[in-house]
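Architecture and fold: a report
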Amino acid sequence: MRLWLVRHARVVLAPGLCYGASDVPADAEHTQQSAAALMEVLPQGALLRVSALVRAQQLADALTQVRSDFGVPQRDARLNEMDFGRWELQRWDAIPRSAFDGWMADFAHHRVGGGEGTQQVIDRVASALDDARRSGASDGVWVCHAGVIRAAQYLLRHGHRTIAQASEWPEDAPEPGGYLQLKL
């Protein structure tokens, strides 16, 4: 199975803000531009799943408006971005270094900002990947977020579901409106 991991379009927030699980909208024009570019590369008839967050749903809806072969996108909260708790909608550069140090010291289980731990995100994405494998589809498209894309890369690269340290976490993710293709 080929899995196309599509990142939502740019959000309508000032740069430099942490907005993980915050349900903020994407820029409408960038969403339409992204959908137009993606319609040329995404496979016909792929199973379309989408995060429950509005910025991802906007892009999934735009895709289904130009590509009827996708059908109705299936919402899946397992594809939501990491919940950063108290860090949500705070400037990244305003978060104390000691808070980041705590996360790096226990990268798997530290509840970032009191929200989720990295392992929780990996577990959610692993469950969604298991369902994708069982679907029998030859192609799947997930409209989701950078953290979900990194978790999927981690799972497929390492072949195990437990992360030990931050250095194992993939650094790369597509820009907003971009995609990455993986083989399951």
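Everything below is about the structure shown above.
Rules and cut-offs
- Each chain carries its own residue numbering, running from 1 in the written order of its sequence.
- For this predicted model, a pLDDT threshold of at least 70 governs which residues receive local features, and a threshold of 80 or more governs which side-chain atom pairs are given and counted, while totals over whole chains, interfaces and linings are taken from all residues.
- Excluding hydrogens and water, the side-chain values take into account all heavy atoms of the structure.
- Numbered from the N terminus, helices here are DSSP runs of H or I no shorter than four residues, and strands are runs of E no shorter than two.
- Both definitions apply: the radius of gyration is a C-alpha atom measure, and the globule rule equals 2.2 Å times residues to the power 0.38.
- Between buried and exposed lies partly exposed: a residue is buried under 20% and exposed over 50% of the maximum accessible area for its type, with that area taken using a 1.4 Å probe on protein chains only.
- Here the positive residues are Lys and Arg and the negative ones are Asp and Glu; neither His nor the chain ends is included.
- Note that the charge is assigned to NZ on lysines, CZ on arginines, CG on aspartates and CD on glutamates.
- Two cysteine sulfur atoms form a disulfide, by the criterion used here, when they sit within 2.5 Å.
- This arc corresponds to the set of directions leading from the helix axis out to the C-beta atoms.
- By definition, residues are in contact when any of their heavy atoms lie within 4.5 Å.
- Pairing of N or O atoms within 3.5 Å defines a polar contact, subject to two protein rules: one partner must be a possible hydrogen donor and the other a possible acceptor, and residues neighboring in sequence count only if both atoms are side-chain atoms.
- Strands pair, by our definition, only if DSSP identifies at least two bridges between them.
- Lines fitted to C-alpha atoms define the axes, with helix axes restricted to the stretch in contact, and inter-axis angles between N-to-C directions lie between 0 and 180 degrees.
- When two rings of Phe, Tyr or Trp (its six-membered ring) have centres within 6.5 Å they constitute a pair, described as stacked for plane angles under 30 degrees, edge-to-face for angles over 60, and tilted for the intermediate range.

This part takes up the overall build of the protein. Check the secondary structure of the protein and you find 5 helices and 5 strands. Written out in order from the N terminus, the α and β elements of the protein read β-α-β-α-β-α-α-β-α-β. In terms of overall size, the protein behaves like a compact globule, its C-alpha atoms giving a radius of gyration of 16 Å where 184 residues would be expected to give roughly 16 Å. Counting only C-alpha atoms and orienting by the principal axes, one finds that the protein spans roughly 50 × 35 × 20 Å. Across the 184 residues of the protein, 49% fall into the buried class. In the protein, which carries 19 positive and 22 negative side-chain charges, the distance between the mean positions of the two groups comes to 3 Å.

This part is about the state of the cysteines. Applying the stated criterion to the full structure yields 0 disulfides. Among the cysteines around Cys-18, which has no disulfide bond, Cys-144 carries the closest sulfur, lying 17 Å off. The exposure class assigned to Cys-18 is buried, which follows from its relative accessible area of 0%. Taking relative accessible area as the criterion, Cys-144 reaches 0% and is therefore assigned buried.

Before going further, it helps to examine helix H1 (residues 28-38). Looking only at H1, the buried set comprises His-30, Thr-31, Ser-34, Ala-35 and Leu-38. For H1, the angular spread of the buried residues around the axis is 135 degrees, confining them to a single face. Of the exposed residues in H1, those oriented more than 90 degrees away from the buried face are Ala-28 and Glu-29. Where H1 is buried, its residues contact strand E1 (2-7), helix H2 (54-66) and strand E5 (179-183). Capping the start of H1 is the job of one residue whose side-chain oxygen sits 3.2 Å from the backbone nitrogen of Glu-29: Asp-27.

Strands sit in the order E3-E2-E4-E1-E5 across an open sheet of 5 strands; the sheet is mixed. Whereas interior strands pair on both sides, the edge strands pair on one side only; in this sheet they are strand E3 (74-75) and E5. Relative to strand E4 (residues 139-144), E1 runs parallel, the two being bridged by 6 bridges. For Val-6, the partnering residue across the bridge sits in E4 and is Val-143. The strands touched by helix H5 (residues 146-158) are E1, E4 and E5; relative to E5, the strand with the most contacts, the crossing angle is about 25 degrees.

Let us now look at the packing of aromatic side chains. Within this structure, the stated rule accounts for 10 aromatic pairs. Geometrically, the ring pair formed by Trp-87 and Trp-92 is edge-to-face, given 6.2 Å between the ring centres and 80 degrees between the ring planes. Classification of Trp-87 as buried rests on a relative accessible area of 6%. Plain terms: the ring middles of Trp-87 and Phe-100 are 4.9 Å apart, the flat faces sit at 50 degrees to each other, and that makes the pair tilted. Taken together, the positions of Trp-87 in the loop between E3 and helix H3 (97-105) and Phe-100 in helix H3 put the pair 13 residues apart, joining distant regions of the chain. The pair Trp-87 / Phe-100 is uniform in exposure class, with both members buried.

Distances and angles like these do not, on their own, reveal function.
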